[in-house]
Each structure stands twice: as structure tokens, then as C-alpha cells.
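As a plain string of letters, each chain reads:
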Amino acid sequence: MSNPSSLSQRVQNIKPSPTLAITARAKALKAAGEDIIGLGAGEPDFDTPDHIKEAAIAAIWAGDTKYTAVDGTPAVKAAVAEKFKRENGLEYSAAEISVNSGGKHTIYNAMMATLNPGDEVIIPTPYWVSYPDIVLLAGGTPVFVHTSIDTSFKMTPEALKAAITPKTKWLIFNSPSNPSGAAYTEAEIRALGAVLERHPQVHIFADDIYEHVIYDDFKFVTIAQAVPALKGRTLTMNGVAKAYAMTGWRIGYAGGDAKLIKAMAKVQSQSTSNPCSISQAATVAALTGPQDFLAERAAVFQERRDLVVGMLNDAEGLSCPTPEGAFYVYPSLAGCAGKKTPGGKRIDTDEDFVTYILEDFGVAAVHGAAFGLSPHFRVSYATSTEALTEACSRIQDACAKLT
Ligand SMILES: Cc1ncc(COP(=O)(O)O)c(C=O)c1O
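Keep in mind the model is a prediction, meaning the values are calculated, not measured.

S.K.: Where do I start with the overall build of the protein chain in this structure?
M.R.: Counting its secondary structure elements, the protein chain contains 14 helices and 12 strands. At 21 Å, the protein chain has a C-alpha radius of gyration in line with the 22 Å of a compact globule built from 403 residues. Approximately 16600 Å² of the protein chain is accessible, and the part contributed by carbon and sulfur atoms is 55%.

S.K.: Hey, could you run me through the site of the ligand in this one?
M.R.: Not every one of the 14 residues close to the ligand is listed here, only the nearest: Gly103, Asn178, Asp207, Lys242 and Arg250. Within the backbone of Gly103, an N or O atom sits 2.7 Å from an oxygen atom of the ligand. In the environment of the ligand, an oxygen atom lies 2.6 Å from a nitrogen or oxygen atom belonging to the side chain of Lys242. Its free accessible area being 400 Å², the ligand has 93% of it covered by the protein chains. For the ligand, the cavity whose grid points lie within 2 Å of the majority of its atoms is the largest pocket.

S.K.: Which parts of the structure should I look at to understand the layout of surface pockets?
M.R.: If a probe as big as a water molecule is rolled over the atoms, it shows which places are left empty. By volume, the largest pocket is sized at about 890 Å³. Lining the largest pocket are 42 residues; nearest its centre among them are Leu20, Ala41, Gly42, Glu43 and Lys242. Only α2 (18-31), β1 (37-38), α5 (103-114), α6 (130-137) and β12 (377-380) provide two or more residues apiece to the lining of the largest pocket. Sort the elements by how many residues they give to the lining of the largest pocket and α2 lands first, with eight residues. Roughly 160 Å³ of internal volume is contained in the second largest pocket. Along its surface, the second largest pocket is lined by Ile14, Lys15, Pro16, Ser17, Pro18, Leu20, Lys104, Val129, Ser130, Asp133, Ile134 and Leu137. Elements that contribute at least two residues to the lining of the second largest pocket include exactly α2 and α6. The dominant element in the lining of the second largest pocket, judged by the number of residues it contributes, is α6, at four residues. Tallied by class, the residues present in the lining of the second largest pocket amount to seven nonpolar, two polar and three charged.

S.K.: What is the right way to look at the side chain of Thr236 in this model?
M.R.: Within the element layout of this structure, Thr236 appears in strand β7 (residues 234-239). Judged by relative accessible area, Thr236 falls into the buried class, the value being 0%. A polar contact of 2.9 Å, which involves the side chain of Thr236, links it to the side chain of Tyr92. Leaving out residues up to four positions away in the same chain, Thr236 has contacts with Phe84, Leu90, Tyr92, Ala206, Asp208, Thr222, Ala224, Tyr253, Ala254 and Gly255.

S.K.: Looking at this structure, I do not really get the pairing of strand β2 (residues 97-100). What am I missing?
M.R.: Within a regular beta strand, the side chains point alternately toward one face of the sheet and then the other, so they alternate between its two faces. In β2, alternate side chains face the same way, and those of Ile97 and Val99 on one face and Ser98 and Asn100 on the other are all buried. When β2 meets strand β8 (residues 252-255), the two strands line up antiparallel, connected through four bridges. In the strand pairing of β8, Ile97 is matched with Gly255.

S.K.: Teacher, can you tell me more about the pairing of β12 here?
M.R.: Burial along β12 is two-sided: Phe377 and Val379 facing one way and Arg378 and Ser380 facing the other are all buried. Examined bridge by bridge, strand β9 (residues 328-329) and β12 share two bridges and lie antiparallel to one another. Considered in β12, the bridge of Val329 is made with Val379. Looking at chain direction, strand β11 (residues 366-367) and β12 are connected through two bridges and run antiparallel. Paired with Val366 across the bridge in β12 is Arg378.

S.K.: I would appreciate a short explanation of the state of the cysteines in the present structure.
M.R.: Formally, a disulfide is one covalent bond, and it connects the sulfur atom of one cysteine to the sulfur atom of another. A full pass over the atoms with the stated rule returns zero disulfides. No disulfide involves Cys392; its sulfur sits 8.5 Å from that of Cys320, the nearest cysteine. Here Cys392 falls in the buried class, since its relative accessible area comes to 1%. Just so you know, Cys399 is unpaired, no disulfide at all, and the nearest cysteine sulfur is the one on Cys336, 4.1 Å from it.

Reading the values: rules and limits
Residues numbered from 1 in each chain as written. Predicted model: local features only at pLDDT ≥ 70, side-chain atom pairs only at ≥ 80, totals over all residues. Heavy atoms only, no water. Helix = DSSP H or I, 4+ residues; strand = E, 2+ residues; numbered from the N terminus. Rg over C-alpha atoms; globule rule 2.2 N^0.38 Å. Areas by Shrake-Rupley, 256 points an atom, 1.4 Å probe, with all protein chains shown as cover. Near = heavy atom within 4 Å. Polar contact = N/O pair within 3.5 Å; in protein donor to acceptor, adjacent residues only side chain to side chain. 1 Å grid on protein atoms, 1.4 Å probe; cavity = no way out; pocket = protein on both sides within 12 Å on 5 of 7 lines; lining within 4 Å. Sits in = over half its atoms within 2 Å of the grid points. Points joined across faces, edges and corners; volume = space filled by probe spheres on them. Nonpolar A, V, L, I, M, F, W, Y, C, P; charged D, E, K, R; others polar. Buried < 20%, exposed > 50% of the residue type's maximum accessible area, 1.4 Å probe, protein only. Contact = heavy atoms within 4.5 Å. Pairing = 2+ DSSP bridges. Disulfide = S-S within 2.5 Å.

Right, here's the structure in full:
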């Protein structure tokens, strides 16, 4: 494959994940002996709880080491059904549940199972980096609805309405959001739901993966719960990665219409087959075991959020809203644009800014253009308070040195 033209058009249409790239770059610089603080990673710094690890070890000894049903064992589907009922008030039968190798895989299967060339998928900005590329891989067309810091990074019903066309197949709806941390209230979801109810061709992909990372008594609701009339055309997706600190175990899942679930299983049966049998057993333990540590961990994240928001707002030229959830902030660097670094480089783009703080101050963050909304950058605060304090004071220093 030395000739680039031997690569498919499909793969040439997409780019590698920029967040994984920045994490890899920060790791490489660190390995080379540089003093780097990584604020790029999208994973909790907590460990997977012991009772979950023990369930996985027990599964190995019990011989759960073989192929399973393609889209999940009866046990994991029952645990997912129980979770949806307990936490979201949603009833799904086993035939309406799909279990996959990570939430990313759930999205991939759903898009592969439904998109035809020309089908449009509405994606509000700033978006999680993988949405547009998965849509492109599946042959669809991403349609971006731009939000801004002035609407707290939330899509308005008017903006949604203006983006819907007869070709719209999906709206991808992520709350709390990666990268902004913005979460929609029940009233805001209902207002969007009123628009969606008038357009029966639109399906809703609800990415609830940050459901349990919420602050200040914010009440999380998922769209099928807030607007029951939309349940039949909503795929309610979640996963164990963020809530249970299980990013490496690779389990995501979704509840939705049985026909869609079956089509997703068909895609999965001809690609990855079942998700790891041991991870499925661990997921049963995660979803049915103790849940109290979720709020304890969210409280730790909330302290870090407050620290980071406070320190970044004290940095000259930055403006950092306070998010309702997830473990990211998405500050604007509009006040730094046009200024010069001590080395004489002009800050024209958010990529210039993140390059400056990485190369001159050893702080790795991700530029906003990667998430479709500039001039911003994303800081993940899923790291220790000590590292965050040091990183934010380096960013303050970097901003103060711009002229
Ligand atoms: C918004 C969002 N959805 C889905 C995922 C996928 O999670 P995973 O594939 O690790 O389950 C991520 C991970 O970063 C995310 O941020």
C-alpha cells in the first residue's frame, strides 16, 4: 500500500482522532524527559473499582472465555435493562438492547446500519471528535449546528429547526457534552423535543456517557425519558467507560427500536463479533453493584472543575464558563488572539495557542478546531489537583507573557 491511491476514498475522507493524537504526543514528550502535564485525556484518573475487577477475574475462572451472543449475553442485557429502568425510567426488552465494544462502537454500528449516501446527520458544535468521522465513514453527511459561549454551548430549538431537512436521518445529542461540559435541562430537552416531534424522519442518538459526571445537583434526564413520544426513534446510548472508570474494558450499550438493534447486531456479527466476554461480566457487576461511589467521584471532579474554572478565568485573555457536567472545560481564548508569544509567534488560531502552551510551558490541551468551535481549547480535568494547579498556573503565565 505504498501508493496512497490504493487507500479507499472512505478512509481518505476521515482523520485520526486528534484527542488520541495529542495524548500520544504528550506521552512521547514525557518519555523523552520533558516536563509535560497532559490535559488532553478523556478518561477518569480513578481506578476501576475492586468489585468490578473481582467479577472479571471470577468470570475467567468460571470459563466465560468463549464467544458469546453477538450483541451481549442475556446477563449483561438484563443488567442494562435494569439500569435503564432504575436510572432513566425507560423500559427496554432484551431485543431492544445492544452491547458493543465501547460507546464509540455503538455509534459506529448505528451509523453503519442506517446511513445511505446523502443522509444527513445533525451534529451540534462543539462536538465529540469522532461523530463527524464516523458519519463520514458510514457514507453520511454531517450537518453542523453552531452553538456559542453565549448560548452556554447549547443548541436552541430555532437552530435545530433550521438545520432539519427531508434528508435528516439523525440528530446526535450529547449531554453532558464532551468537550464543553454543557448539560441540557429537562425544559431545554422538551423544547428541542417539540421541534423533533414535528419531523418523524429524524432519529435521535442520545449519547449519555457522562450521565453520572454531573455537578451542583443538576438533574440529568435523557431525551426518551423527557419526551416519551420520541422513544421509538431514539437510540439511548451509554457505557461503563466514564462512570465506572472502565475505559480500557471497552463496553458501550444502547436501548432502542428492535429493528435497529437487530441491524446493528448484523453489522457487529460481520465485524467484531461479541464484545469481550470478560468485560461483559465486569459490566454486569458495574451496573448491578454498589453505585454510591459515582456521586463521591463526581464530588471530586466538581472540586477540580471549580479550581480550573477559577484559575483559567484569572488568566489574561481567557474566559471559561462553568460547565454542568463531564470532566472538561472549554475556555475561549478570543482575548489572546492577535497577540505575540515571547518567541515572536502570533496567536492566530487555537492550534497556535495549544502549540505555544505545549512547547513553551509543557501543558498539553486540545485545540477547539478539533471539536468544530474556535477560538477555544479543551482542558480535561480528569487528573490530580496538584497537576491541575501547576498546569493552570503555567497557562496563566503563558497568557501573561503574550504581548
Ligand atoms: C461524548 C463521548 N461519547 C462516547 C465516547 C466513547 O466512549 P467509549 O468508546 O470509550 O465507551 C466518548 C469517549 O471519549 C465520549 O467522550
